[in-house]
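Chain residues, written in single-letter form:
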Amino acid sequence: MSGHGQVKLTEINYSKDRPKAENPVKIEDLSLRDGHQSLFATRGRTEDMIPVAELMDEVGFWAVETWGGATFDTMHRFLNEDPWERIRTLKKYMKKTPFSMLLRGQNLVGYRNYADDVAEAFVERAAENGMDIFRTFDALNDYRNFETVVPVIKRTGKHFQGCICYSLTEPRLGGEVYNLRYYLDKAKALEEMGADTVCVKDMAGLMAPYDAYTLIKALKETVSVPVHLHSHFTSGMAQMTHLKAIEAGVDILDTCLAPYAFRTSHPAIEPLVMTLLGTNRDTGFDIELLARIDDLLEEQVMPKYRHLLDQHRMSVIDINVLLHQTPGGMLSNLVNQLKEMDALDKIDEVFKKLPKVRKDLGQVPLVTPTSQIVGTQTVNNVLFDTEENEYKMITDQVKGLCYGLYGKTPSPINPEVRKKALKGYPRGEEPITERPGAVLEPELEKAKAEIGDLAKDMDDLLIYALYPVTGKRFLKWKYGEEEPPPECRAKTLDQCRMEEEMAKKVLSGEMPGAAAEAALPEKSPGARRFSVSVDGERYTVDVEEVGGGPRAAAPAPEAKPAAESPVSGHAVVAPMPGMIVSHEKQAGDSVAEGEPVVVLEAMKMQNALPSPVSGTVKEIRFNPGDNVKKGAVLAVIE
Ligand code: MN
């Protein structure tokens, strides 16, 4: 077999018709999923993928990742886009290149394990809508969570890519949990399950180049199916890691087009094409075609997303990731959450506490959803714990993890934390040992009864079953029962230019100050409100639709807590900004001290907020789906 341990130079030839290499490195492009998920909080819109889709189809990628991960969530929640429609639309423009999606095992594209009936229906519909390769992972590397989805992937004739989440407890490969043996055993288990390819998923960019060499070489000797490496750039090692993986004989690598590459995303494809040019691992890609695609993206697409990029740092690498091992998405979530709570100064404390919380929770790999589970719990501990009372506010997801709802953790959970988490847990105080899916009651029929005619087909029903609150809201937008809010609308290039000008004016002092605001006309209903960032300060800017003249509102700091009507009685207060999920109590109900009243979702984790006193619920404020600020009064108890 070629490609083991060396890359041979054959003939340097820049032409796109150059002779094919004997063992080309195959490439999966991630720009349209992990790329914008890593850099722009998954806000990429389908309309911004279309301009390059046909050209990308010509490159010769082994696959393009177009769906899964956080796309399903952000599309229906923030973009007012039907997630299923994206697959069908892109398929019209990309007819040759197989589509790949990231499937979170029994978590599907959500943040908890769904029941078997939902999991089966979801994979069937994804296959039917045009998905070809199911990159399947489980946050705990517990492959019992694959037992429901894999037979459906196989039955529909699709490609099952089995993933191993790459995690470390030590600075380098090794230690008691995540050592070479661990990864080889996992790879064998995946091959036995019928994996068509085995992928090592290095979501935080932790894999050091020489560890990649050791690992990939050993994997190639252990399994007979192709080996695929997914490594994020975050720490800055990924390009070197790629090269050592190539020397070790890796079959497939993940990259992004240059505008979607680097930072917390992935290495760019363009330098790799040149690196391998004329070798026996030459990708065979046309570098000029790639440059054309990049130009198109820079001109037509990137201006709409630049404001979402983290522009506060010069450095494109995050050295800290090597120390605290947090993947990019988790990092930005932590920062945003702390920012919203005016507690950004606590970030160092959060990083300091993170390893302990992770150890308490069984040394889980840090990947969605466990990264959010560990991250949010750490934030809660830092903000709400007292010396004598640790784990004061335990999220529902941590309770689920302790119960065994996510599967088996790599090392045992701290028994004291588990006991505290499961005190009064509705499913029981004793954790389960079987496959999580086995204890989950079917969910589809119940979902169907709840959503009724608003779900016109199985695709709609799945949107609701996966995301009951935001899914229902999306279906109302989709079928015209509710007007989608203006924030959901796409930005145009004109608006981007206008915003840039606004920002410049604010900076130069041309923008009207607060005193001038009263003199300005009322904001028209057609105006769109933007938040503009200038020198780290955020300003609110109203922009009229075409036809009305642009005007700026007074620069004002954003997101102040809403004015509250006075409270007589004891308030249940939002300890953090978030979205109301449900009410455990209604007005008039009696409630005991410590009993949950409202469930608030923050950072995708649900927190049951307890009543501060025993008494009667006098008032419930806000409805499920409402976003609330920190400090908002959610209920009043008398
Ligand atoms: Mn990734």
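Summarised in this report is the structure supplied together with it. (Residues numbered from 1 in each chain as written. Predicted model: local features only at pLDDT ≥ 70, side-chain atom pairs only at ≥ 80, totals over all residues. Heavy atoms only, no water.)

### With respect to the coordination of the manganese ion
Around a metal, the idealised angle for a tetrahedral arrangement of four donor atoms is 109.5 degrees; for an octahedral arrangement of six donor atoms it is 90 or 180 degrees.
Item 1. Looking at the manganese ion, one finds its protein donor set to be Asp34 (OD), His230 (NE2) and His232 (NE2), positioned 2.0 to 2.2 Å from the metal centre.
Item 2. Ordering the donors of the manganese ion by residue number gives the pattern D-x195-H-x1-H. Of this pair, Asp34 sits in helix H1 (residues 31-40) while His232 sits in the loop between strand S7 (227-231) and helix H9 (238-247), and the two are 198 residues apart along the sequence. Exposure class is identical for Asp34 and His232. Each is buried. (Donors = N, O, S within 2.8 Å, 3.2 Å for Na, K, Ca; no water. Helix = DSSP H or I, 4+ residues; strand = E, 2+ residues; numbered from the N terminus. Buried < 20%, exposed > 50% of the residue type's maximum accessible area, 1.4 Å probe, protein only.)

### Notes on the packing of aromatic side chains
We describe a pair of aromatic rings using the distance from one ring centre to the other and the angle between the two ring planes.
Item 1. The tally for this structure, following the rule as stated, stands at 18 aromatic pairs.
Item 2. With centroids separated by 5.4 Å and ring planes inclined at 85°, the aromatic side chains of Phe61 and Phe285 adopt a geometry described as edge-to-face. Of this pair, Phe61 sits in the loop between helix H2 (50-59) and strand S2 (63-68) while Phe285 is found in the loop between helix H10 (269-276) and helix H11 (287-301), placing the two residues 224 residues apart along the sequence. Here the two residues Phe61 and Phe285 agree in accessibility, since each one is buried.
Item 3. On the basis of an interplanar angle of 80° and a centroid distance of 5.0 Å, the ring pair of Tyr178 and Tyr182 is categorised as edge-to-face. In this pair, the class of Tyr178 matches that of Tyr182, namely buried.
Item 4. In this structure an aromatic cluster arises from ring pairing among Trp67, Phe72, Trp84, Tyr111, Phe122 and Tyr467.
Item 5. Across from the ring centre of Phe78, 3.9 Å away, lies the NZ or CZ of Arg43, which sits over that ring.
Item 6. The residue whose ring lies beneath Lys186 is Tyr143, and the NZ or CZ to ring-centre distance is 5.4 Å. (Phe/Tyr/Trp six-rings, centres within 6.5 Å; stacked < 30°, edge-to-face > 60°. Lys NZ or Arg CZ within 6 Å of the ring centre and 35° of its normal.)

### Considerations on unusual backbone geometry
Item 1. Backbone geometry at Thr42 places phi at a positive 65°, although glycine is not the residue there.
Item 2. Exposure remark for Thr42: the relative accessible area of 4% places this residue in the buried category.
Item 3. Of note, Asn141 is a non-glycine position whose phi angle comes to about 55°, a positive value.
Item 4. Among the secondary structure elements, Asn141 is positioned in the loop between strand S4 (133-136) and helix H6 (149-155).
Item 5. On the accessibility criterion, Asn141 (1% relative accessible area) is buried.

### Some points on a nonpolar patch on the surface
Item 1. Taken together, the side chains of Leu9, Ile12, Tyr14 and Met274 present a nonpolar region at the surface, about 460 Å² in accessible area.
Item 2. Taking relative accessible area as the criterion, Met274 reaches 37% and is therefore assigned partly exposed. (Patch = residues over 30% accessible without salt bridge, like charges linked within 9 Å, V, L, I, M, F, W, Y side chains within 5 Å. Areas by Shrake-Rupley, 256 points an atom, 1.4 Å probe, with all protein chains shown as cover. Salt bridge = Lys/Arg side-chain N within 4 Å of Asp/Glu carboxyl O.)

### Side note on the packing of helix H19 (residues 444-451) against helix H20 (residues 458-466)
Item 1. Between H19 and H20, the shortest axis-to-axis distance is 10 Å and the interhelical angle comes to 95°. Classed by the angle they form, the pair H19 and H20 counts as roughly perpendicular. Contacts between H19 and H20 involve Leu444, Ala447, Lys448, Glu450 and Ile451 from the former and Met458, Leu461, Leu462, Tyr464 and Ala465 from the latter.
Item 2. By residue class, the composition of the contact of H19 with H20 is eight nonpolar, no polar and two charged. (Axes fitted to C-alpha atoms, helices over the stretch in contact; angles between N-to-C directions. Parallel < 35°, antiparallel > 145°, perpendicular 65-115°, else oblique. Contact = heavy atoms within 4.5 Å. Nonpolar A, V, L, I, M, F, W, Y, C, P; charged D, E, K, R; others polar.)

### Side note on the environment of Lys408
Item 1. Its place among the elements puts Lys408 in the loop between helix H16 (396-403) and helix H17 (415-421).
Item 2. Classification of Lys408 as exposed rests on a relative accessible area of 59%.

### Description of helix H8 (residues 209-222)
Item 1. Here H8 contains 14 residues, and its C-alpha end-to-end distance of 20 Å stays within 8% of the 20 Å for a straight helix at 1.5 Å per residue.
Item 2. Residues of H8 that are buried: Pro209, Asp211, Ala212, Leu215, Ile216, Ala218, Leu219 and Lys220.
Item 3. Residues of H8 that are buried sit in contact with helix H7 (180-192), strand S6 (197-202), S7 and H9. (Expected span 1.5 Å × (residues − 1).)

### Focus on the environment of Met56
Item 1. Relative to the elements of secondary structure, Met56 occurs in helix H2.
Item 2. Here the alpha-carbon distance between Met56 and Thr97, two residues 41 residues apart in the chain, equals 8.6 Å.
Item 3. Sequence-distant contacts of Met56, that is, excluding residues within four places in its chain, are made with Asp29, Leu32, Phe61, Val64, Met94, Thr97, Leu257 and Ile293.

### What about a negative patch on the surface?
Item 1. A surface patch of negative charge is lined by Glu387, Glu388, Glu390 and Glu416.
Item 2. Relative to the helices and strands, Glu390 resides in the loop between helix H15 (370-384) and H16. (Lys, Arg positive; Asp, Glu negative; His and termini not counted. Charge placed at Lys NZ, Arg CZ, Asp CG, Glu CD.)

### Re the side chain of Glu28
Item 1. Positionally, Glu28 belongs in strand S1 (residues 26-29).
Item 2. Contact partners of Glu28, with chain neighbours within four places excluded, come to Trp62, Ala63, Glu65, Ser100, Arg135, His228, Ile252, Leu253, Asp254 and Thr255.

In short, geometric facts, not functional conclusions.
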